Amino acid sequence: MEIEDVRGREGRWQRLRASTHEAHEQLDKAIMASEPFADRDRYGCFLRMQYILHRDVDALYLDPVLGGLLPDLADRRRLGLIEKDFEDLGLALPSPEKAPLFGASADVPRAAGWLYVVEGSNLGAAFLLKGVAKIGLSENNGARHLAGHPDGRGLHWRRFTAAIDGLEFGEVEDERMLQGADEAFARVREIAQEVFA
Ligand code: HEM
């Protein structure tokens, strides 16, 4: 009920969704065109993409300021699960030369935009799990990081988007948040190009 109301008001989440819709479509197409689930080698590329992205944002999940604004933030971390997926597959972790993008403290609105993108990717992961099943992997083996929350992906996501809608941002902060989300999609696109090249 409360969630429907938030949707009805075309809140901040709806703006994020609308302004990144095109970037998501393009990313989705680019990744699927790279056949990430064709075999375990291709899936290894996909896992590298996930690792590099989640390593970039990992510090945000542990940021106490963000943790006070967004529910269960630390529990939403998926980097550890991605590392387990590498282990399941007997693959070595990537060793990027650059330091992770985010460090100990981050601009809150920009970080919220980034987190929207990374958390949202777990919604689409239900679809990706079907792809990995074809190469014999699952949420218990090799694709742990694609698993949904025990309460259900939808509910877990709505808790997050409701918190995003409830943030006390003014216009300037909202603009920085939208920029953060754009930046995040651009970065994922860049990583995808790199890993699938
Ligand atoms: C091949 C790759 C992908 C496919 C097929 C895909 C598919 C989907 C689908 C089907 C949804 C909607 C789920 C639902 O409403 O129940 C979704 C949502 C979303 N995905 Fe993806 N996705 C892919 C990759 C990504 C990546 C790599 C990211 C970012 C790192 C991402 C970010 C998002 C976001 C932010 C949403 C939530 C949109 C909203 O606000 O409703 N996706 N995706």
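Before any of the text, the structure's been laid out above.
As the structure is a prediction and not an experimental result, all values here were calculated from the model.

Q: Before we go on, may I ask you to explain the site of the ligand in this structure?
A: The ligand sits among 19 residues. The nearest are W13, R17, H24, M32 and Y116. Within the side chain of W13, an N or O atom sits 2.7 Å from an oxygen atom of the ligand. Every element with two or more residues in the shell around the ligand is listed here: α2 (12-33), α6 (108-133) and α8 (171-196). Per-element accounting of the shell around the ligand gives the leading share, eight residues, to α6. In terms of residue class, the shell around the ligand is made up of 13 nonpolar, four polar and two charged.

Q: Honestly, the packing of aromatic side chains in this entry has me stumped. Any pointers?
A: Aromatic ring pairs are defined here through the distance separating the ring centres and the angle between the ring planes. Throughout the structure, instances matching the rule amount to eight aromatic pairs. With 5.5 Å between their ring centres and 65° between their planes, F37 and F46 make a pair best called edge-to-face. With respect to class, F37 is no different from F46; both count as buried. Taken together, a centroid distance of 5.7 Å and an interplanar angle of 20° make the contact between W157 and F160 stacked. With W157 and F160 both in helix α7 (residues 153-166) and three residues apart, this pair spans about one turn of that helix. Judged by its relative accessible area of 9%, W157 is buried. In this structure F160 comes out as buried when scored by relative accessible area, which is 0%. Three or more aromatic residues joined by ring pairs form one cluster here, namely W13, Y116, W157 and F160.

About the criteria used
- Residues numbered from 1 in each chain as written.
- Predicted model: local features only at pLDDT ≥ 70, side-chain atom pairs only at ≥ 80, totals over all residues.
- Heavy atoms only, no water.
- Near = heavy atom within 4 Å.
- Polar contact = N/O pair within 3.5 Å; in protein donor to acceptor, adjacent residues only side chain to side chain.
- Helix = DSSP H or I, 4+ residues; strand = E, 2+ residues; numbered from the N terminus.
- Nonpolar A, V, L, I, M, F, W, Y, C, P; charged D, E, K, R; others polar.
- Phe/Tyr/Trp six-rings, centres within 6.5 Å; stacked < 30°, edge-to-face > 60°.
- Buried < 20%, exposed > 50% of the residue type's maximum accessible area, 1.4 Å probe, protein only.

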